[in-house]
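The chain contents come next:
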Amino acid sequence: MKRIFKVCLLIVIMLLTVRATCGPKAMFRETVQAMKIKDNVFFHNVGITYDGRHYYTINGGNEEYCVLNEYNKKGNFIEYYDLELDCRAIFHNPRDGNLYLKNFGTDLYVVDLEDEIADIELMDVFDEENSSPAMSPDGKYLYEYYKGTVRLLDFETGNELDKFKLSKWYEEHGYNYAIAASNQHLFVWSDESVIAVYDLDGNYVTEIDLPRTGFGFSLSWCKGLLWIARDADAAKDGGDGYWYGYKL
């Protein structure tokens, strides 16, 4: 009898071990804050990117109060630029080394910091004026997002390559416009402090619980980190917002 009991117990332990080893694995359940940047802007903190040497942030809310801030790799302020755009996102494209902006509108702009200007690169490429899209880290694609639907765009032409619906997302204004993209995953809001993670084909992977709430439009990915902002919400007086970069 004891021998039978030991055999049965061994079988149960083996089954549990196989299930734990081969079953679906939760990913990204823990986050570690790796970076914090104080970002003084007018109105709202909406986007951050990194070009390999410097961070760049952009605000939104009023084109007459545009602030593109430049920081070194430690997050120390260097300079600011006024490009006269009410923005929703900023990207660095490693393929050409340029900075790009998406404004409140449907156009993509390329930035010339030396002359402090931004020119239209692609006209009417986006569907939603308020969308805060993402660029793939390799610079080949753009992802536009609105209310659970993702549009995959070719960066060079702006042509739509694919369109798919996500299974879980957050309806609240601002949160339902923002998406971030890494080499392997897409990130959208599932709540004010929860991020839903999908693979690049739109298949649900898991959720990330963040230690704080973030401003909806701010969701970004750069330098291998997922970023959210505590919004300055500063209107015309200006004020400090904060960017938090998380290692997953």
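You'll find the structure just up there.
Summary of the structure given here. (Residues numbered from 1 in each chain as written. Predicted model: local features only at pLDDT ≥ 70, side-chain atom pairs only at ≥ 80, totals over all residues. Heavy atoms only, no water.)

Here the focus is the overall build of the protein. Each helix and strand counted, the protein has 1 helix and 20 strands in total. Counting across all 248 residues of the protein, residues that qualify as buried make up 50%. Long-range pairs, those at least 24 residues apart, make up 47% of the contacts in the protein between residues at least 6 apart in sequence. As displayed, the protein offers around 12700 Å² of accessible surface, 48% of which is attributable to carbon and sulfur atoms. (Helix = DSSP H or I, 4+ residues; strand = E, 2+ residues; numbered from the N terminus. Buried < 20%, exposed > 50% of the residue type's maximum accessible area, 1.4 Å probe, protein only. Contact = heavy atoms within 4.5 Å. Areas by Shrake-Rupley, 256 points an atom, 1.4 Å probe, with all protein chains shown as cover.)

To continue, consider the pattern of salt bridges. In total, this model carries 6 salt bridges according to the counting rule given. For Arg 88, the salt bridge identified is with Asp 86, shortest N-O distance 2.7 Å. Given a relative accessible area of 13%, Asp 86 falls into the buried group. Residue Glu 171 pairs with Lys 147 through a salt bridge whose shortest N-O separation is 3.6 Å. Of the two residues, Glu 171 sits in the loop between strand E13 (160–165) and strand E14 (180–181) while Lys 147 sits in the loop between strand E11 (141–146) and strand E12 (149–154), which places them 24 residues apart along the sequence. Owing to a relative accessible area of 43%, Glu 171 belongs among the partly exposed residues under this scheme. (Salt bridge = Lys/Arg side-chain N within 4 Å of Asp/Glu carboxyl O.)

Attention now goes to the environment of Lys 168. Relative to the elements of secondary structure, Lys 168 occurs in the loop between E13 and E14. Here the alpha-carbon distance between Lys 168 and Glu 207, two residues 39 residues apart in the chain, equals 9.8 Å. With near-sequence residues (within four places) excluded, Lys 168 lies in contact with Val 188, Ser 190, Ala 196, Tyr 198, Tyr 204 and Glu 207. At 3.2 Å, the side chain of Lys 168 and the side chain of Glu 207 are in polar contact. (Polar contact = N/O pair within 3.5 Å; in protein donor to acceptor, adjacent residues only side chain to side chain.)

Quick look at the sheet that holds strand E15 (residues 185–191) now. If you trace the 4 strands from one edge of the open sheet to the other, you get E14-E15-E16-E17, paired in antiparallel fashion. A strand with exactly one partner marks an edge of an open sheet, and here the two such strands are E14 and strand E17 (204–209). Across 6 bridges, the pairing between E15 and strand E16 (residues 194–199) is antiparallel. Along E16, the bridge assignment pairs Asp 191 with Val 194. (Pairing = 2+ DSSP bridges.)

The next thing to look at is the pairing of strand E6 (residues 87–92). Consecutive side chains along a regular strand alternate between the two faces of the sheet. With respect to burial, E6 is a largely interior element, 6 of its 6 residues being buried. Pairing of E6 with strand E7 (residues 99–103), which is carried by 5 bridges, proceeds in the antiparallel orientation. Residue Cys 87 lies in a different strand from E7, and its bridge partner there is Asn 103. Hairpin connection from E6 to E7: 6 residues lie between these consecutive antiparallel strands, with Gly 97 at a positive phi of about 80°.

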